[in-house]
Amino acid sequence: MTRTKSWTRRVSTGVVTLLATARYAASQLPSSYPFVYPDEPSGDFSPVWQQYFQVTQRLPNVTFIPGGRAYAGNLPVQRDGHPNNTLFFVGFEKFLGSLTAKKSQEPWGIWLNGGPGSSSMYGLFFENGPIRIHPDYSVTSNDYSWNKLADYFWIDQPVGVGYSTADADGYAADEDQIGADFMGFLSNLVKVFPSLATRPLHLTGESYSGYYIPYIMKAYFGLENPPVNIAKIAIGDGSIASGQVFELLPALTVIQTHPQLIGYDQDVYKYFEEQAKLCHYDVNLTYPQNGVIPPVPLNLPTQRDVPFLLKSSAYRKNLMAELKKRYALKKRKLSRREQERSRAAWKRDFLSDRPSGIIDPWYGCLQLDMFIDYAINYTFPWSLSKNTSTFGFDVYDVTDATNPQINQDASIFLNDPRVVDAFHAPKSKAWAENFDFVFGNPDGLNVDPSTEPMNWLTEFATNASAHDVSVVLYSGNNDALIAHRGTEVTIQNTTFGGIQGFTVKPSTPWYNDAHQFAGIIRQERNWTYVLFDNAGHLVAADNAPNAFVFLREFVLGDNQTGLVTKTATGQVVVIGGTNSTLAQDVLPGGDEIYYGPGAKISTYVFPSATRAAWKSFIQTETALPSPAAG
């Protein structure tokens, strides 16, 4: 005991300092709590609370009925010592009474936005909910709302995000805590709506939900008696892998998809191609995958310093929010000296004067940064933003070069006192789309201490199979930030159903209700991968009709298009067939790039001769070598 005390005294100065800093930091973090509205029932949660949570007051400018009834409010996450830690929900019925029915086996769904720190109210009002807020703050109904297909909930989480609440010292320490909190919330939700406990739940989300949902499922698998029956998860453009894999490795694929980024310049492409190989981004995907794909290293620039946190993979994986912050603070440009160079001089300096065969000393392996810089400085129409005070590159949708972009702001609506009251929202805080202290970090950087799900995705897949949970991963072809190539690498590096990755390359077309090509699909051993044509990071916002069909057919439904099966004789059969044109690493994007200020959109298409020359070039450049004669 004496020795322990002595050792403690020797380190106490540092520990006391750290503890004092932690206490000081916590005291600076926001604290919030739910509001008690009139007629709140007493006692534990039960169906009696349905009337309390029902949205009965008219929402401003909403003159239509968005399906059945709506319910909203805060429910505790059941964390000891933190009764103010709650999650905020808004739920819409499929039809009148469908959510409150005592007996039902109909599917229901949950939607989560990412961030980390993004409110799911963004999804509700700009993506897949029944109410659509427009740039002029007018409100209309959404014909493709997901609650037309099932009872659906949009949930602000983790604690503190959006209208969710938290004590100043009660924020989540890591993703395991986030998963436990979500289970605690669900345990209370099913007390209010008992049929949800046994009905098949479809847990859906996008972007940083690629972290949230696997950890939520980890918590779910760890419970002997979970509060709900999760049947399927669906993650769109998810950050499941490391930042290098989801953000940097796919850069060349993004350029192949949208060669407009480099003005269809063949020499510039060859430089990016060489750099991709040097950075070990040229991962070879086979079907089935031949061996485990090794981790991709992060090689930083050597000719310049980068922010300290940028060197951390934990920081890079949060780049979705960070890119917005970086670009909102200042225009993204090269140095003044580099700006003054002509395009030809840039090519000469970078493609001729620099030694070949080494990683670019200025960019390192930050190829996303590299092609963004190139586009903004040298390629029309992105180059129009050089003379503006706003950033003119949308990492969520390559085809959108509008600058400034259209306004998407739900704060006016959600902070309207009439909406606050109608939604039984807290009055201890204002709603904001993004929250900077998810992990109790006073610096506002939202650095997630948890390891990326890719590191244990095979274990996750094993548990999913054991619990009969299906997995759907989907991507928008226009997404530059979390491009589809990273998702495909993630799938092929995961063992599910006893085999690593898909055995047949995704190459089956799927179609929307107008019988138009919608993208590519593959289904195998309870895993589904969908690539959306003509959509970016926010799939349901970019292409609502196709997202609606996707939810109906492949998430809630049992459409078997793209399913790999075997006959009694062992012959492999793919339902819907395969298409050799689609069996490539790239689904070519459209010719048009949209530009202009806000909603005043023009389109630009490169000359047909330029596009034809590129098509001939890229077919040769990406052709696989012929097998050697034997």
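Residues numbered from 1 in each chain as written. Predicted model: local features only at pLDDT ≥ 70, side-chain atom pairs only at ≥ 80, totals over all residues. Heavy atoms only, no water.

Visitor: Go over the overall build of the protein chain with me, naming the residues and quoting the values.
Guide: A count of helical and extended segments in the protein chain gives 20 helices and 19 strands. Burial status across the protein chain gives 56% buried among its 630 residues. Of the contacts formed within the protein chain by residues at least 6 apart in sequence, a portion of 73% connects residues at least 24 apart. When the accessible surface of the protein chain is summed, it comes to about 26400 Å², and 53% of that surface belongs to carbon and sulfur atoms. (Helix = DSSP H or I, 4+ residues; strand = E, 2+ residues; numbered from the N terminus. Buried < 20%, exposed > 50% of the residue type's maximum accessible area, 1.4 Å probe, protein only. Contact = heavy atoms within 4.5 Å. Areas by Shrake-Rupley, 256 points an atom, 1.4 Å probe, with all protein chains shown as cover.)

Visitor: Go over helix H20 (residues 608-621) with me, naming the residues and quoting the values.
Guide: An ideal rise of 1.5 Å per residue puts 20 Å on 14 residues; H20 measures up with 20 Å between its terminal C-alpha atoms. Among all positions in H20, only Trp 614, Phe 617 and Ile 618 are buried. An end-on view of H20 places all buried positions within 95 degrees of arc, on one side of the element. For H20, the exposed residues lying more than 90 degrees away from the buried face are Ser 608, Ala 609, Lys 615, Gln 619 and Thr 620. Tucked into the core, H20 has its buried residues touching helix H7 (251-257) and helix H8 (266-278). (Expected span 1.5 Å × (residues − 1). Arc of directions from axis to C-beta.)

Visitor: Report on the packing of helix H4 (residues 175-192) against helix H5 (residues 209-221), specifying residues and quantitative values.
Guide: It is the contact of H4 with H5, at a shortest axis distance of 8 Å, that shows an interaxial angle of 65 degrees. In terms of orientation, H4 and H5 fall into the roughly perpendicular class. The two elements H4 and H5 cross, and the hand of that crossing is right-handed. Contact residues: Glu 175, Asp 176, Ile 178, Gly 179, Ala 180, Phe 182 and Met 183 in H4; Tyr 211, Tyr 212, Tyr 215, Ile 216, Lys 218, Ala 219 and Tyr 220 in H5. (Axes fitted to C-alpha atoms, helices over the stretch in contact; angles between N-to-C directions. Parallel < 35°, antiparallel > 145°, perpendicular 65-115°, else oblique. Left-handed = near helix turned anticlockwise from the far one by under 90°.)

Visitor: Now, about the sheet that holds strand S18 (residues 593-596): what can you tell me, with residues and values included?
Guide: Taken in spatial order, the three strands make up an open sheet running S9-S18-S19, and their pairing is mixed. In the strand order of this sheet, the two ends are held by strand S9 (400-402) and strand S19 (602-604), each with one partner. Strand-to-strand twist of the sheet, defined as the mean angle between neighbouring strand axes without regard to direction, takes the value 30 degrees. By the bridge criterion, three bridges tie S9 to S18 in an arrangement that is parallel. (Pairing = 2+ DSSP bridges.)

Visitor: Please set out empty space enclosed by the protein residue by residue, giving values where relevant.
Guide: Inspection of the entire model under this criterion finds five cavities of 30 Å³ or more. If you trace the largest cavity, you find 14 residues lining it, with Glu 488, Pro 506, Leu 582, Gln 584 and Asp 585 closest to the centre. Of all the secondary structure elements, the ones that give two or more residues to the lining of the largest cavity are helix H17 (484-492) and strand S15 (527-532). Here the lining of the largest cavity gets three residues from one element, more than from any other, and that element is H17. Residues belonging to the lining of the largest cavity are distributed by class as follows: eight nonpolar, two polar and four charged. (1 Å grid on protein atoms, 1.4 Å probe; cavity = no way out; pocket = protein on both sides within 12 Å on 5 of 7 lines; lining within 4 Å. Points joined across faces, edges and corners; volume = space filled by probe spheres on them. Nonpolar A, V, L, I, M, F, W, Y, C, P; charged D, E, K, R; others polar.)

Visitor: How would you summarise the confidence of the model for the protein chain if you had to cite specific residues and measurements?
Guide: Mean pLDDT over the protein chain stands at 87; residues scoring 70 or higher make up 86%. Residue range residues 1-24 is modelled with pLDDT below 50. Its contacts to residues more than four positions away, or to other chains, number zero contacts. Between residues 308-342, whose pLDDT stays under 50, and residues either more than four places distant or in other chains, the model counts 89 contacts. (pLDDT = per-residue confidence, 0-100.)

Visitor: Break down the state of the cysteines for me, citing the residues and quoting the values.
Guide: Evaluation of the coordinates by the stated rule reveals one disulfide. Each disulfide pairs two cysteine sulfurs, and for Cys 279 the partner residue is Cys 365, the sulfurs being separated by 1.9 Å. Across the disulfide from Cys 279 to Cys 365, rotation about the S-S bond amounts to roughly -95 degrees, and the bridge is consequently left-handed. A residue pair is termed long-range when its members are at least 10 positions apart, and Cys 279 in the loop between H8 and helix H9 (313-316) and Cys 365 in the loop between helix H12 (343-353) and helix H13 (367-378) qualify at 86 residues. In this structure, Cys 279 and Cys 365 share a single accessibility class: buried. (Disulfide = S-S within 2.5 Å.)

Visitor: Could you give an account of the pattern of salt bridges, with specific residues and numbers?
Guide: The tally for this structure, following the rule as stated, stands at 13 salt bridges. Between Lys 191 and Asp 44 there is a salt bridge; the shortest N-O distance is 3.1 Å. Of this pair, Lys 191 sits in helix H4 while Asp 44 is found in the loop between helix H1 (2-28) and helix H2 (49-53), placing the two residues 147 residues apart along the sequence. Here Arg 418 ties to Asp 416 by a salt bridge, and the two come within 2.8 Å at their closest N and O atoms. (Salt bridge = Lys/Arg side-chain N within 4 Å of Asp/Glu carboxyl O.)

Visitor: Explain the environment of Leu 538 residue by residue, including any values.
Guide: Mapped onto the secondary structure, Leu 538 falls in the loop between S15 and helix H18 (539-542). Using a relative accessible area of 15% as the deciding quantity, one classes Leu 538 as buried. Between the C-alpha atoms of Leu 538 and Tyr 396, which are 142 residues apart in sequence, the distance is 7.2 Å. Apart from residues lying up to four places away in sequence, Leu 538 is in contact with Tyr 122, Glu 127 and Glu 206.

Visitor: Tell me what's going on with the pairing of strand S2 (residues 86-92), and back it up with residues and numbers.
Guide: Of all seven residues that make up S2, seven are buried, and the element is covered over most of its length. The side-chain alternation of S2 yields two buried faces, one formed by Thr 86, Phe 88, Val 90 and Phe 92 and the other by Leu 87, Phe 89 and Gly 91. Strand direction decides the pairing type here: strand S1 (residues 70-76) and S2, joined by seven bridges, are antiparallel. For Pro 76, the partnering residue across the bridge sits in S2 and is Thr 86. As paired strands, S2 and strand S6 (residues 151-156) are joined by five bridges and run antiparallel to one another. Counterpart to Gly 91 in the pairing with S6 is Phe 153.

Visitor: Please set out the packing of H5 against helix H16 (residues 457-466) residue by residue, giving values where relevant.
Guide: The N-to-C vectors of H5 and H16 enclose an angle of 50 degrees; their axes lie 11 Å apart at closest approach. For the element pair H5 / H16, the angle class is oblique. For the pair H5 and H16, the crossing hand works out as left-handed. Of H16, the residues touching H5 (which contributes Pro 214, Met 217 and Phe 221) are Phe 460, Asn 463 and Ala 464. Split into classes, the residues belonging to the contact of H5 with H16 amount to five nonpolar, one polar and no charged.

Visitor: Would you mind going over unusual backbone geometry in detail, with residue names and values included?
Guide: Residues Gly 115 and Pro 116 are joined by a peptide bond in cis, for which omega reads 0 degrees. In this fold, Pro 116 is placed in the loop between strand S3 (108-112) and helix H3 (121-126). Across the junction of Gln 157 and Pro 158, the peptide omega takes the value 0 degrees, indicating a cis bond. Topologically, Pro 158 is positioned in the loop between S6 and H4. A positive phi is found at Tyr 264, a non-glycine position, where the angle reads about 60 degrees. The residue Tyr 264 is located in the loop between H7 and H8 in this model.

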